[in-house]
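# Structural overview for review
Spelled out from the first residue to the last, the chains are:
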Amino acid sequence: MRLAFTIQRYNPELDSAPRDETYHLDVTRGMTVLDALIRIKNEVDGRLTFRHSCRSAICGSCSMTINGGEKLACRTSVRKEWERHGGITVGPLRNLPVLKDLAVDMGSFWSKVRAVEPWLTPTPLEGEGAYQFHNVDACIMCGACVAACTVHEVDKGFLGPAALAKAYRFVADTREPESARTARLASLQGPTGMWDCTRCNVCVEVCPKDVQPMEAIIRLRRASIEAGYDQTGGARHIIGFRDLVARFGRLNEALMPLKVIGWNLRKFLHILPLGLRMLLKGKVPSPWHSAMDGPERVRALLERRREP
Amino acid sequence: MMLTYALYPGCAAKGATPELFQSTMAIIGRLGIAVTELTASSCCGAGVVGEADPDGALALSARTFAQAERLGLDIMTICGTCQGVMGGANRKLKSDPALLDRVNRILQAEGLAYRGTIQVKHLLWIVVREVGLEKLKDEVQVTLGDLKIAPFYGCYILRPSGDLGFDDPEHPHSLDQVIRAVGAEPVDYGGKIKCCGFPIILEKEDIALAMNGANLKEAKDAGADVMVTPCPLCHMSLDIYQERAGKKIGASLNLPVLHLPQMLGLAMGIPAKDLGLQRHLVPVDAIVKVIEERKSIS
C-alpha cells in the first residue's frame, strides 16, 4: 500500500518559517514510522534530518510529534496511525527550539534534569574507592568475553569473565552486608571460580564496553586475600610471589613452586621430576642468592607498603 | 651509529631461562645495539604483585624507569610479560600526574623519582622498527631456508593493545616479519595469539597444560618444525612443560621452542652452544643439525 507522509521541514539557517512536505512511500507489514523516515532519507531526500539510535524504545532519540502526539517513532506503527488518524503527519517535539527538521535542541531538557540533582545523596563511605564497580555496570551481556576467554576454551566449567565481573560488582557494593559479601567470595574460591583466570587480557581486548572484566577478577582475588581466603593455590601464588620479590628483589624460580604447594608431599613429588630435569639443564637459580644488586632496597620498599 | 638502551633483564633471563640472557648478549652487537644493564633493577611484578598491591607494583616499575632516566636511556626489555607490565605502568604513570606523584612518594625513601620521560621497548619491536629488517637480513649468514617456524607471541606483548600500541592484537605481524627476514616461513595458526597457561601452571596444572598443549599441537599440525617466542614465561610453559602437555592432550608434540634471540643467533651463524640451546628440555638437536649442515655447505 502506498501512503502519504507529511513531514515538517525547517532549516533555521536558511528558511524563514517551517513548511510541510509530503512524501509517498510503499509501506510494508509491521513498518514503524522510524522505518518510514529512514527509507525516505535513504531513497527520496537525503537532507531530511532526524535523530535515532537503538530502534528498540530504549534510547529515546527518536521522540517526535506524530499525528499531534509525542511518540517514539521506533515503536509507532504506521498502520495503526493510519487507521486511527487517516493520515500521517510528523513534526519535531513541541516547545523546544528546532535545530533542523525533526531534531530539536535538548539542552534545556537536560539542564532541568540536572537541576533536581537526580542521584542519591549517600552517607560518606569508608575507605578510598570503596564504591568502585570498575565499570562493570556498563556490561551489555553480549558474551564476547566468555566466547574469547582462553581458559574457558579448555575449561568449559569456568565461570568466566562476564559472570565474575558481575560478582565483583556486588562484592564492591558497600550496601551488601559483610556476611553476604563473605559468602559470595567463599563461593568463588573453588574449581571453576576466580582462580582459573590466567590474566591473558583477551576479555579486556574484546569487550566492546571497556568493562575490563579481568581487572574485576583481579579485584575479586584481592578482596578474597584481604578477607582471609589466602590458602588457595592462586592466593598462595600471589602472596608467595610478593614475599620472594621482597626477599630477593627479583623472583626466585627455585622457591616459587614451594610457595604455591606449601608442605604438601604429594604435590612436591609431582613437581620434583621437572625440578630435577631443570637442575640438570642449569635452569634452577640459586635459592640463596639474589640476582640483582641491592635487593634490600626492594625489600624496604615492599615492607613500607605493608605498614598500615 | 649504535642504538643504545638500558637493558632490563627481568627475572627469568637471570633465573630459569639463562639462555635468553646469553643469546641476547650474543646477538645485539651484530644488530648495532649497545646496552647498559640495569643491574639494580627489581622484578616488574609480572602482574602478580599488582594483584595484591597495585601501587606497590607500579612503584617497582617506576623505580626501574627512574634508574634508566638517570642514564638518559630508554629501556629494552627481553620478556613479553615485562613489556606488558612495564609498558602498561609507563602509560598509566605518564597519563595521570596524580598517580605519578603518589608512586613517586613511595620511591622517595630511596631518593628516586620518575619524571615520565622514558620509553619501554621489547627487543622484538626494536628489531622491527629501529634496527630494521633490512639490517637484520644483512646479518643473516645461514638462511633458515624451508624451516617452518611457528610464532608464539604471548599475551602481554599484544594485550591490552591500548597499553602497548605496537602490534595488531588480532593479526600481529612483527614476529612473522622477523621469521621471514631470517629466511624461514612463518606458520599461521590460531593459537599464536592465545595464552600458554603459565600464570596458573603451578596451581592449576591441568588447565594450563590443556591450553599449552592445544597451542603446540595446532602449530605442529600446521606444519611447524620449530616454535619461537619473545616471552621467557611462555618458553617455560612451552618447553619445560611440553612433555606433560603432550601426555595431557594425548599427542606426541616434540616441538623445539626457541627464544627470539636464539632464532636470530642461529641465522647469524652463531654456534648453538653460545645461544644456550643445550639448556632446553625439548631437544633442539634436529634443528641445529639442519642448520650446521647448511653452514658447512655455504
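The structure presented is a predicted model; accordingly, all values stated were derived computationally and were not measured.

All right, on to the overall build of chain B then. For chain B, the count of helices and strands is 14 helices and eight strands. Along the longest, intermediate and shortest principal axes, the C-alpha atoms of chain B span 60 × 50 × 30 Å. Taking all 298 residues of chain B together, the buried fraction comes to 66%. Within chain B, counting contacts between residues at least 6 apart in sequence, those at least 24 apart form 78% of the total. As displayed, chain B has an accessible area near 10100 Å², and 51% of this comes from carbon and sulfur atoms.

The next point concerns unusual backbone geometry. For the peptide bond that leads from Arg159(B) to Pro160(B), omega is -10°, which places it in the cis range. Inspection of the secondary structure assignment puts Pro160(B) in the loop between strand E5 (148-151) and helix H8 (161-164). Unusually for a residue other than glycine, Asn67(A) sits at a positive phi of about 50°. Tracing the backbone shows Asn67(A) in the loop between strand E3 (63-66) and strand E4 (69-72). With a phi close to 65°, Asn95(A) is a non-glycine residue in the positive phi region. Counting through the fold element by element, Asn95(A) comes out in the loop between strand E5 (88-91) and strand E6 (98-100). What makes Asn95(A) exposed here is its relative accessible area of 81%.

Moving on: the interface of chain B and chain A. Counting residues at the interface gives 63 residues for chain B, matched by 53 residues for chain A. Contact between chain B and chain A buries roughly 5100 Å² in total, counting both sides, with carbon and sulfur atoms accounting for 59%. Three residues, Glu51(B), Leu202(B) and Leu281(B), lead the burial of chain B against chain A; their summed loss comes to 14% of the area buried on that side. Put simply, chain B and chain A have seven salt bridges between them. For Lys204(B), the salt bridge goes to Asp196(A), with nearest N and O atoms at 2.7 Å. Where chain B meets chain A, there are 29 residue pairs in polar contact (both at pLDDT 80 or more). Elements supplying a minimum of two residues to the side of chain B that touches chain A: helix H1 (18-27), helix H2 (49-52), helix H3 (54-71), helix H5 (97-107), helix H10 (205-221), helix H11 (232-240) and helix H12 (242-249) of chain B.

Together, Leu258(A), Leu265(A), Phe268(A), Leu269(A), Leu272(A), Leu276(A), Leu279(A) and Val284(A) make up an exposed nonpolar region whose accessible area comes to about 690 Å². The biggest single contributor to the nonpolar patch is helix H11 (residues 265-280) of chain A, with six residues.

What follows is about the nonpolar core. Counting 115 residues, the largest nonpolar core has Leu220(A), Phe241(A), Phe65(B), Ile75(B) and Met227(B) as the members making the most contacts within it. A per-element tally of this core places H3(B) first, with eight residues. Non-local contacts of Ile75(B), meaning those with residues more than four positions away in its chain, are made with Tyr5(B), Ala6(B), Tyr8(B), Leu38(B), Thr64(B), Phe65(B), Ala68(B), Met86(B), Ile118(B), Gln119(B), Val120(B) and Lys121(B). Judged by nonpolar contacts, the second largest core, of 53 residues, contains Ile126(B), Ile157(B), Leu164(B) and Val182(B).

Aromatic rings considered in pairs are described by the distance between their centres and by the relative angle of their planes. Counted by the stated rule, this structure contains three aromatic pairs over all chains. Aromatic side chains Phe109(A) and Trp110(A) sit 5.1 Å apart centroid to centroid with 80° between the ring planes, which places their arrangement in the edge-to-face category. Under the relative-accessibility criterion, Phe109(A) is labelled partly exposed at 38%. Ring plane angle 5° and centroid distance 4.7 Å describe the contact between Trp125(B) and Phe166(B), whose orientation is recorded as stacked.

Now for the sheet that holds strand E2 (residues 33-37) of chain B. Residues and elements named next belong to chain B. Spatial ordering of the open sheet is given by E2-E1-E3-E4, a layout of four strands whose pairing is parallel. The strands lining the two open edges of the sheet, one partner per strand, are E2 and strand E4 (120-122). Each strand of the sheet is rotated relative to its neighbour by a mean of 45°, with strand direction disregarded. Where strand E1 (residues 3-8) lies against strand E3 (residues 75-77), three bridges are found, and the strand directions are parallel. Its bridge partner being in E3, Tyr8 is matched across the sheet by Thr77.

Glancing now at the environment of Ala181(B). Residue and element names in this part refer to chain B. As for its position among the elements, Ala181 is in helix H9 (residues 174-181). Judged by its relative accessible area of 7%, Ala181 is buried. Counting along the chain gives 32 residues from Ala181 to Ile149, while the straight-line C-alpha distance between them is 12 Å. Aside from chain neighbours lying at most four places away, what touches Ala181 is Leu133, Leu136, Lys137 and Val140.

The next subject is the side chain of Thr77(B). Among the structural elements, Thr77(B) can be located in strand E3. Sequence-distant contacts of Thr77(B), defined by excluding residues within four places in its chain, comprise Tyr8(B), Cys82(B), Gln83(B), Val120(B), Lys121(B), His122(B) and Leu123(B).

Here we come to H1(B). When you tally the buried positions in H1(B), you get seven out of ten residues, the bulk of the element. For H1(B), the complete set of buried residues consists of Pro18(B), Glu19(B), Leu20(B), Phe21(B), Ser23(B), Thr24(B) and Ile27(B).

Glancing now at the environment of Arg129(B). Residues and elements named next belong to chain B. Along the chain, Arg129 turns up in helix H6 (residues 123-131). For Arg129, a relative accessible area of 55% corresponds to the exposed category. Here the alpha-carbon distance between Arg129 and Ser174, two residues 45 residues apart in the chain, equals 9.2 Å.

Below, the discussion takes up the pairing of E5(A). Residue and element names in this part refer to chain A. With three bridges joining them, strand E1 (residues 2-9) and E5 adopt parallel strand pairing. Within E5, the position partnered with Ile7 by the bridge is Val90. In the sheet, E3 pairs with E5 via two bridges, with the strands oriented antiparallel. The residue bridging Ile66 from the neighbouring strand is Val90, located in E5.

Let's shift gears to the state of the cysteines. The final tally for this structure, using the stated rule, is zero disulfides over all chains. Cys74(A) takes part in no disulfide bond, and the closest cysteine sulfur to it belongs to Cys62(A), at a distance of 3.7 Å. Here Cys43(B) stays unpaired: no disulfide links it, and the sulfur of Cys11(B), its closest cysteine neighbor, is 3.7 Å away. Using a relative accessible area of 2% as the deciding quantity, one classes Cys43(B) as buried.

Criteria and cut-off values
Residues numbered from 1 in each chain as written. Chains lettered and ligands numbered in written order. Predicted model: local features only at pLDDT ≥ 70, side-chain atom pairs only at ≥ 80, totals over all residues. Heavy atoms only, no water. Helix = DSSP H or I, 4+ residues; strand = E, 2+ residues; numbered from the N terminus. Buried < 20%, exposed > 50% of the residue type's maximum accessible area, 1.4 Å probe, protein only. Contact = heavy atoms within 4.5 Å. Areas by Shrake-Rupley, 256 points an atom, 1.4 Å probe, with all protein chains shown as cover. Buried area = accessible area lost by both parts, 1.4 Å probe. Salt bridge = Lys/Arg side-chain N within 4 Å of Asp/Glu carboxyl O. Polar contact = N/O pair within 3.5 Å; in protein donor to acceptor, adjacent residues only side chain to side chain. Patch = residues over 30% accessible without salt bridge, like charges linked within 9 Å, V, L, I, M, F, W, Y side chains within 5 Å. Core = buried A, V, L, I, M, F, W, Y, C linked by side-chain atoms within 4.5 Å. Phe/Tyr/Trp six-rings, centres within 6.5 Å; stacked < 30°, edge-to-face > 60°. Pairing = 2+ DSSP bridges. Axes fitted to C-alpha atoms, helices over the stretch in contact; angles between N-to-C directions. Disulfide = S-S within 2.5 Å.

Shape descriptors only; they carry no functional weight alone.
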